[in-house]
Amino acid sequence: MSTSTRNSTPILRALAVAACLSVSLAAPALAMSGGGGGSGAAPAEDSRHRSVTSADTYLPLPPLMATVQADHRARGNLQIEAGLEIQDARLRRRVEQIMPRLRNAYVTALSIYTGVNYRYGTVPDADRIAQLLQDATDMTLGTEGARVLIGMVIINAG
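Report on the accompanying structure. Residue positions are counted from 1 within each chain, in the order its sequence is given. The model is predicted, so local features are restricted to residues of pLDDT at least 70 and side-chain atom pairs to those at 80 or more, both for listing and for counting; the totals for chains, interfaces and linings are taken over all residues. No hydrogens and no water enter the side-chain calculation; it runs on all heavy atoms of the structure.

Considering the overall build of the protein
A run of DSSP states H or I qualifies as a helix once it reaches four residues; a run of E qualifies as a strand once it reaches two. Both are numbered from the N-terminal end. Within the protein, the regular secondary structure consists of 4 helices and 4 strands. Listing the helices and strands of the protein from first to last along the sequence gives α-β-β-β-α-α-α-β. Relative accessibility thresholds used throughout: buried, under 20% of the residue-type maximum; exposed, over 50%; partly exposed, between the two (1.4 Å probe, protein chains only). Looking at the protein as a whole, 27% of its 158 residues are labelled buried. Counting only contacts in the protein whose residues sit at least 6 apart along the sequence, the fraction spanning at least 24 positions is 63%. In the structure as shown, the protein presents an accessible area of about 10,400 Å², 55% of it carried by carbon and sulfur atoms. Whether two residues touch is decided by their heavy atoms; if any such pair falls within 4.5 Å, the residues are in contact. Here the Shrake-Rupley method, with its probe set to 1.4 Å, supplies the accessible areas, and only the displayed protein chains count as covering residues.

What follows is the structure, encoded as structure tokens:
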């Protein structure tokens, strides 16, 4: 057996063990994603976002965040969990396609809220936040038909 073959054997064993480990760790996630009669649970990448409803008209949004500032310093984060109720299937497909633009509009609206409307240490105004997000939705889509639903508003103090 040559020296190069002896030196590569531990490396090959390590690679084989790593491959087996990655397959065994991925198996539960594949089972959960509906690959063959699973429970129909959400995919592993969406496991942090809980489903509020199983209605086809509801489209959950990923968590939205904006920095809260006071005295010229970052003091924490405003975190929002929300979703869109969209009755029209065609509009829902369009929303899914332009989701990056919507997220940008939402983060901009929340940043304006935390910079202009919110005073650090007070309770966030969920009605005002919902209206800002609704306005951002309507402006980005160019039409009405997607209704913003707020699930949670949290200030994480830093």
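Structural notes on the environment of Leu84
Tracing the backbone through its elements, the reader meets Leu84 in strand β3 (residues 73-86). Sequence-distant contacts of Leu84, that is, excluding residues within four places in its chain, are made with Thr57, Tyr58, Leu59, Leu61, Val95, Leu102, Tyr106, Thr137, Arg147 and Val148.

Regarding the packing of helix α3 (residues 99-117) against helix α4 (residues 126-141)
What counts as an axis is a line fitted to C-alpha atoms, over the stretch in contact for a helix, and the angles between N-to-C directions run from 0 to 180 degrees. In contact at an axis separation of 9 Å, α3 and α4 are set at 145 degrees when each is read in the N-to-C sense. Viewed along their axes, α3 and α4 form a crossing whose handedness is right-handed. Within the contact between the two elements, α3 uses Arg101, Leu102, Ala105, Tyr106, Ala109, Leu110, Tyr113 and Asn117 and α4 uses Arg128, Ile129, Leu132, Leu133, Ala136, Thr137 and Thr140. Three residue categories are used. Nonpolar comprises Ala, Val, Leu, Ile, Met, Phe, Trp, Tyr, Cys and Pro, charged comprises Asp, Glu, Lys and Arg, and polar comprises the others, including Gly. Of the residues assigned to the contact of α3 with α4, the class counts are 10 nonpolar, 3 polar and 2 charged. Less than a right angle of anticlockwise turn of the near helix away from the far helix marks a crossing as left-handed, whereas a clockwise turn marks it as right-handed.

Side note on the side chain of Gln79
By the element assignment, Gln79 lies in strand β3. Overall, the relative accessible area of 17% leaves Gln79 in the buried class. Among the polar contacts listed, one links the side chain of Gln79 to the side chain of Asn156, at a separation of 3.4 Å. In protein, a polar contact means a hydrogen-donor-capable atom and an acceptor-capable atom, both N or O and within 3.5 Å, with residues adjacent in sequence counting only if both atoms are side-chain atoms; elsewhere, any N or O pair within 3.5 Å suffices.

Notes on α3
A rise of 1.5 Å per residue sets the reference length of α3, with its 19 residues, at 27 Å; its end C-alpha atoms lie 25 Å apart and thus fit the reference within 8%. Taken as a whole, α3 has its buried residues at Met99, Leu102, Ala105, Tyr106, Ala109, Leu110, Tyr113 and Thr114. Taken around the axis of α3, the buried residues stretch over an arc of 165 degrees, which confines them to a single face. What points out from α3, more than 90 degrees from its buried face, is the exposed set Pro100, Arg101, Asn104, Gly115 and Val116. Looking at the buried residues of α3, the elements they touch are β1 (58-60), β2 (64-70), β3, α2 (89-97) and α4. Here a helix's expected span is defined as the number of its residues, less one, multiplied by 1.5 Å. Within this analysis, the arc is defined by the directions that extend from the helix axis to the C-beta atoms.

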